Amino acid sequence: MADSGDARKRGKPKALRKGDYKDLVAPMQLELTRMAEWLQATGLRLVVLFEGRDTAGKGGAIKALSEHLNPRQCRVTALPRPTERETTQWYFQRYVAHLPAAGEMTLFDRSWYNRAGVERVMGYCTHTEYTAFLHQAPQFERMLVDDGILLFKYWLCVDQVEQEKRFAERHENPLKGWKLSPVDLEARRRYPEYTRAREEMLAATHTPHAPWTLVDFNDQRRGRLTLIRDLLDRLPDVTVPNDRPALTPLRGKPRRERYGVLEPIPAYAPRGDG
């Protein structure tokens, strides 16, 4: 049997250029705005989990999905390390507080699956806590789905060669240096361990009611398009009547802004400009 990795390489499309990507993502983002209107009209709730290795492109995918949506409706949740108090709570408890209400969506930039990934590999949890999580996660997700939440779980895939390029870019680029932490550097050495942890996680938590979807993010632009298209295609018809109020012409001439107490500060001008 041919190796699946070799097959993927043989059929690998060319990397998308930035201009082509913008042309392709724009109509999908318009569909996402319609999806948001549909959520509000129906009162449904949407949860999307973004998981994957460091540098896979979770932040970029979340931005592509959410950048034209109302942040009051579409919330991005990236929880920090649990506090001392939170470590004594039911493991899923702090995530429950971020679940959406009617008409809302939550995009989790990493999620409760931290326990099956970084906590498992880096030794931040015990083996008993880890095995309990693998048992409880499908039950927890069953409760979410049974309560009517639309749940989508995405794992963003990246080969180590590509991951190394992205780590190097973060190391050299002062605008991205904040993304490179000691934990990231340690995880870099443990690529095979993260692979084993992912496979154990998938075997235990890829269920009919909450399946995983793996997306190739070696080309991040194409990966974003693949993920967004998959999400939209798995939703029902999101068409809702257009009930936006008409934008009628103003009466009289438009007015200039007037100031009494304070004036705006001077406009920015590069040094040496005029």
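Residues numbered from 1 in each chain as written. Predicted model: local features only at pLDDT ≥ 70, side-chain atom pairs only at ≥ 80, totals over all residues. Heavy atoms only, no water.

- Naming follows an unreviewed UniProt entry, where the chain appears as ADP/GDP-polyphosphate phosphotransferase of Pseudoxanthomonas suwonensis.
- Quoted verbatim from the Sequence similarities (unreviewed entry) field of the UniProt record, the comment on the chain reads "Belongs to the polyphosphate kinase 2 (PPK2) family. Class I subfamily."
- We quote the UniProt Function (unreviewed entry) comment for the chain here in full: "Uses inorganic polyphosphate (polyP) as a donor to convert GDP to GTP or ADP to ATP." (UniProt positions renumbered as here; feature names shortened; annotations may be inferred.)

1. Concerning the nonpolar core
Phase 1 of the analysis: Core analysis: the largest hydrophobic core is formed by 34 residues, its most contacted members being Met-35, Val-48, Phe-50, Leu-65, Met-105, Tyr-154 and Leu-227.
Phase 2 of the analysis: Put simply, the parts of the chain that give this core at least two residues each are α2 (18-42), β1 (45-52), α3 (58-66), β3 (105-109), β4 (149-157) and α10 (220-233).
Phase 3 of the analysis: Residues contacting Val-48, with those up to four places away along its chain left out, are Thr-106, Leu-107, Phe-108, Phe-152, Tyr-154 and Leu-231.
Phase 4 of the analysis: Counting 24 residues, the second-largest nonpolar core is a separate cluster that includes Phe-92, Phe-108, Ala-137 and Leu-202. (Core = buried A, V, L, I, M, F, W, Y, C linked by side-chain atoms within 4.5 Å. Buried < 20%, exposed > 50% of the residue type's maximum accessible area, 1.4 Å probe, protein only. Helix = DSSP H or I, 4+ residues; strand = E, 2+ residues; numbered from the N terminus. Contact = heavy atoms within 4.5 Å.)

2. With respect to the UniProt feature "domain: Polyphosphate kinase-2-related" (unreviewed entry) in the chain
Phase 1 of the analysis: According to UniProt, the "domain: Polyphosphate kinase-2-related" (unreviewed entry) feature falls on residues 17-237.
Phase 2 of the analysis: Summarising residues 17-237: 51% helix, 14% strand, and an end-to-end C-alpha distance of 31 Å.

3. A word on the pattern of salt bridges
When the charged atoms of two side chains lie near each other, side chains of opposite charge can form a pair.
Phase 1 of the analysis: As enumerated under the stated definition, the model contains 22 salt bridges in all.
Phase 2 of the analysis: Glu-162 is paired through a salt bridge with Arg-166; the nearest N and O atoms lie 3.1 Å apart. A residue pair is termed a helical-turn pair when its members lie 3 or 4 positions apart in one helix, as Glu-162 and Arg-166 do in helix α7 (residues 160-172) at 4 residues.
Phase 3 of the analysis: Across the pair Arg-222 and Asp-219 runs a salt bridge whose closest N-O atoms are separated by 3.8 Å.
Phase 4 of the analysis: With relative accessibility at 27%, the residue Arg-222 sits in the partly exposed group.
Phase 5 of the analysis: Salt bridges sharing partners connect three or more residues here, namely Glu-186, Arg-189, Arg-190 and Glu-193. (Salt bridge = Lys/Arg side-chain N within 4 Å of Asp/Glu carboxyl O.)

4. Side note on helix α9 (residues 191-205)
Each turn of an α-helix holds 3.6 residues, which means side chains three or four residues apart point in the same direction.
Phase 1 of the analysis: Helix length check: α9 (15 residues) gives 21 Å between terminal C-alpha atoms against 21 Å at 1.5 Å per residue, within 8%.
Phase 2 of the analysis: Within the sequence span of α9, burial applies to Tyr-191, Tyr-194, Ala-197, Arg-198, Met-201, Leu-202 and Thr-205. Seen end-on, α9 carries its buried residues on one side only, within an arc spanning 135°.
Phase 3 of the analysis: Turning to α9, the residues buried within the fold contact α5 (118-122), α6 (127-146), β4, α7, α8 (182-189) and β5 (212-216). (Expected span 1.5 Å × (residues − 1). Arc of directions from axis to C-beta.)

5. Things to note about unusual backbone geometry
Phase 1 of the analysis: Its identity as a non-glycine residue notwithstanding, Thr-55 has a phi of 75°, on the positive side.
Phase 2 of the analysis: If you trace the backbone, Thr-55 turns up in the loop between β1 and α3.
Phase 3 of the analysis: Backbone geometry places Arg-110, a non-glycine residue, at a positive phi of 70°.
Phase 4 of the analysis: On the secondary structure map, Arg-110 appears in the loop between β3 and α5.
Phase 5 of the analysis: With relative accessibility at 25%, the residue Arg-110 sits in the partly exposed group.

6. Section: the sheet that holds β5
Phase 1 of the analysis: As summarised here, the arrangement of the 5 strands in space is β2-β3-β1-β4-β5, forming an open sheet in which the pairing is parallel. At either end of the open sheet lies a strand with only one pairing partner, and these are β2 (74-77) and β5. Strand-to-strand twist across the sheet, computed as the mean angle between neighbouring axes with direction ignored, equals 20°.
Phase 2 of the analysis: Note: β1 against β4, 8 bridges, orientation parallel. Each bridged residue has a counterpart across the sheet, and for Gly-52 the counterpart in β4 is Leu-156. (Pairing = 2+ DSSP bridges. Axes fitted to C-alpha atoms, helices over the stretch in contact; angles between N-to-C directions.)

7. A look at the packing of aromatic side chains
Phase 1 of the analysis: Evaluated as defined, the whole model comprises 14 aromatic pairs.
Phase 2 of the analysis: Ring geometry for Phe-92 versus Phe-133: centroids 5.7 Å apart, planes at 20°, classification stacked. Note that Phe-92 is positioned in the loop between β2 and α4 (93-96) and Phe-133 in helix α6, a separation of 41 residues in sequence. You'll find Phe-92 and Phe-133 in the same group, each marked buried.
Phase 3 of the analysis: Site record: aromatic cluster; members linked through ring pairs are Trp-90, Tyr-91, Phe-92, Tyr-95, Phe-108, Trp-112, Tyr-113, Phe-133, Phe-140 and Trp-212.
Phase 4 of the analysis: Over the ring of Tyr-124 we find Arg-81, and its NZ or CZ is 5.8 Å from the ring centre.
Phase 5 of the analysis: When the ring centre of Tyr-130 is taken as reference, the NZ or CZ atom of Arg-120 above it lies at 4.2 Å. (Phe/Tyr/Trp six-rings, centres within 6.5 Å; stacked < 30°, edge-to-face > 60°. Lys NZ or Arg CZ within 6 Å of the ring centre and 35° of its normal.)

8. A word on the environment of Thr-55
Phase 1 of the analysis: Under the relative-accessibility criterion, Thr-55 is labelled buried at 5%.
Phase 2 of the analysis: For Thr-55 and Gln-136, which are 81 residues apart along the polypeptide, the C-alpha to C-alpha distance reads 28 Å.
Phase 3 of the analysis: Contacts of Thr-55, omitting those with residues within four sequence positions, involve Val-158, Gln-163, Arg-166, Phe-167, Arg-170 and Gln-220.

9. Quick look at the pairing of β3
Phase 1 of the analysis: Among the 5 residues that make up β3, 4 are buried, leaving the element largely enclosed by the rest of the structure.
Phase 2 of the analysis: In the sheet, β1 pairs with β3 via 5 bridges, with the strands oriented parallel. Residue pairing for β3: Leu-46 is matched across the bridge by Met-105.
Phase 3 of the analysis: The pairing of β2 with β3 spans 4 bridges and is classified as parallel. Residue pairing in the sheet places Arg-75 in a bridge with Thr-106 of β3.

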